[in-house]
Amino acid sequence: MRPWQYWLETLILSTQQNPPRFVELVMFTLAMILLGLWTVTLQWQYLTLSLSYIIGLSFSILVRESLGPRPQFQLTHLTALLLLIISFYSFAELIR
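Since the model is a prediction, treat every value here as computed from it, not as a measurement.

Conventions used here
- Residues numbered from 1 in each chain as written.
- Predicted model: local features only at pLDDT ≥ 70, side-chain atom pairs only at ≥ 80, totals over all residues.
- Heavy atoms only, no water.
- Patch = residues over 30% accessible without salt bridge, like charges linked within 9 Å, V, L, I, M, F, W, Y side chains within 5 Å.
- Areas by Shrake-Rupley, 256 points an atom, 1.4 Å probe, with all protein chains shown as cover.
- Salt bridge = Lys/Arg side-chain N within 4 Å of Asp/Glu carboxyl O.
- Helix = DSSP H or I, 4+ residues; strand = E, 2+ residues; numbered from the N terminus.
- pLDDT = per-residue confidence, 0-100.
- Core = buried A, V, L, I, M, F, W, Y, C linked by side-chain atoms within 4.5 Å.
- Buried < 20%, exposed > 50% of the residue type's maximum accessible area, 1.4 Å probe, protein only.
- Contact = heavy atoms within 4.5 Å.

Comments concerning a nonpolar patch on the surface
On the surface, a cluster of nonpolar side chains totalling about 510 Å² of accessible area is made up of Leu75, Leu78, Leu82, Ile85 and Ile86. Among the secondary structure elements, Leu78 is positioned in helix H4 (residues 75–95).

Encoded structure:
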């Protein structure tokens, strides 16, 4: 089996086993790519789109974790809340 076939099969298996986490991973990856582009070009459009992905990702994590079998507060919740606070603060700075 070739290495790229292994990675492709692993990717397909992960999308079938836990689709919400896969979507969150894609959103996080796109947000980090756009954040990297923003640091190089300093165009506000990249930052805005990156922050939008991070806000969507954070809400998705909070909803998924609160509906799961362990609804108590965890480190994942704290991380998602911190990302939301930072994103909203950054949006406020962009508007100003």
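As for the confidence of the model for the protein chain
Predicted confidence across the protein chain gives a mean pLDDT of 84, with 95% of residues reaching 70 or more. Across the protein chain, helix H2 (residues 19–41) holds the top mean pLDDT of 89, while helix H1 (residues 3–17) sits lowest at 79.

Remarks on the nonpolar core
Soluble globular proteins tend to pack their nonpolar side chains together in the buried interior. Met27, Leu47, Leu51, Ile55, Leu57, Ile61, Leu62, Ala80, Leu84 and Phe91 form the largest nonpolar core, which has 10 residues in total. Contributing elements (two or more residues each) for this core: helix H3 (44–67) and H4. Per element, the largest residue contribution to this core is six residues, and it comes from H3. Excluding residues within four positions of it along the chain, Leu57 makes contact with Glu24, Met27 and Phe28.

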